[in-house]
Structure formats: C-alpha cells, structure tokens
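Each chain, written out:
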Amino acid sequence: PVRAAMDACFGRDKGSVAAVRAALEEAEAAAPGGSPVRAWAAAALAGLARGSPYSLALTLALLADGARTPLGAALRLEWRAVLAALAGPGTDFCVGVTARLVDKGARGEPVWGRGDVSAAVAAALAPLEPGEELDLTGRGGGDGGRARL
C-alpha cells in the first residue's frame, strides 16, 4: 500500500512541489489512523516542510527532465544544478549544510533565501557558457566547468 501511495503522490503528473504536498496531505487524510500509509505520508510532509523550497523544486524539475531526456543532456542538467548549488555562501545548499551539520540546529531552522523559486530553478538549469558546460566527449573541449568549482 505504501508503494502505491508513493507512486500516486510523486507521480509524473505532479508538476510542482505544491501538487506533491497536496497529494501527500490527501493520502494522509484518506488513510486510516495507524496505517503505514498515514505514517509514511506524515513523515514525507515533515521532510518537505524542513527542506529548501528551491532545492525541492530543483529536484522535481531534474526528475521530470531526466525522465524524458537522453543521458548526456540529463548529466549536463545535473552539472548545472551542482554548479548553481555551490555558487556561493548564501545558496540554500550552503545555508542548509551550515544549519544542519555545522550548527546542528543550535541557531534554529535554516532561513531559505530564494524569492522566486521558479526563476531560480530556470536560471540553474539554463545553458552555461560553452567553456563551462560539462564536456562528455572526452576530448577536453573546455574545462567542463571545473573553473567555477
């Protein structure tokens, strides 16, 4: 039953984090008290509440694109996402690592810094300059983006 609920809540038809959240809330409400589905949905909702809205939306976009994209193009998207995540100390990745691993919650929950999440996701997945794009040819056509790391 939990696997069926997972498929329903995180299916390909879920185009946004809000749609996933709504499906989880519906699954939790529809499941009988004490059932594994109800416990799973409650835990998934708690995880979404703790996560960075930007990171959640970026992950959903990568999963959706990866399902219909050839491997090389999917790897380039992943490369772009990693570069965006590591772009500076104020990124949600750095804020989350500091809050969860360094401060260990001593300063409270992380404060996520992205305003327009959809614009930030689009920017993270946008093509890079030719010399910064991931080189999958093996011919060294650029630095593969390593200069930005």
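Here the structure is a predicted model, which means the values were calculated and not measured.

### A few points about a nonpolar patch on the surface
A contiguous nonpolar surface patch, about 280 Å² in accessible area, is contributed by Leu 71, Leu 75 and Leu 136. Mapped onto the elements of the fold, Leu 71 is located in helix α5 (residues 71-85). Looking at Leu 71, the relative accessible area reads 63%, which means it is exposed.

### Considering the packing of aromatic side chains
The description of two aromatic rings rests on the distance between their centres and on the angle between their planes. Scanning the model with the defined rule gives one aromatic pair in all. Judged by centre distance (6.1 Å) and plane angle (70 degrees), the ring pair of Phe 10 and Trp 40 falls under edge-to-face. Placement of Phe 10 in the loop between α1 (2-9) and α2 (17-30) and of Trp 40 in helix α3 (residues 36-50) is noted, with a sequence separation of 30 residues between them. When its relative accessible area of 44% is taken as the criterion, Phe 10 is described as partly exposed. What makes Trp 40 buried here is its relative accessible area of 17%.

### What to know about helix α7 (residues 117-125)
Those residues of α7 lying buried are Val 117, Ala 120, Val 121, Ala 124 and Leu 125. All buried residues of α7 project into a common sector of 125 degrees when viewed along the axis, lining one side. Exposed residues pointing more than 90 degrees away from the buried face of α7 are listed as Ser 118 and Ala 123. On the buried face of α7, the contacting elements are α4 (53-67) and α5.

Definitions and limits used
- Residues numbered from 1 in each chain as written.
- Predicted model: local features only at pLDDT ≥ 70, side-chain atom pairs only at ≥ 80, totals over all residues.
- Heavy atoms only, no water.
- Patch = residues over 30% accessible without salt bridge, like charges linked within 9 Å, V, L, I, M, F, W, Y side chains within 5 Å.
- Areas by Shrake-Rupley, 256 points an atom, 1.4 Å probe, with all protein chains shown as cover.
- Salt bridge = Lys/Arg side-chain N within 4 Å of Asp/Glu carboxyl O.
- Helix = DSSP H or I, 4+ residues; strand = E, 2+ residues; numbered from the N terminus.
- Buried < 20%, exposed > 50% of the residue type's maximum accessible area, 1.4 Å probe, protein only.
- Phe/Tyr/Trp six-rings, centres within 6.5 Å; stacked < 30°, edge-to-face > 60°.
- Arc of directions from axis to C-beta.
- Contact = heavy atoms within 4.5 Å.

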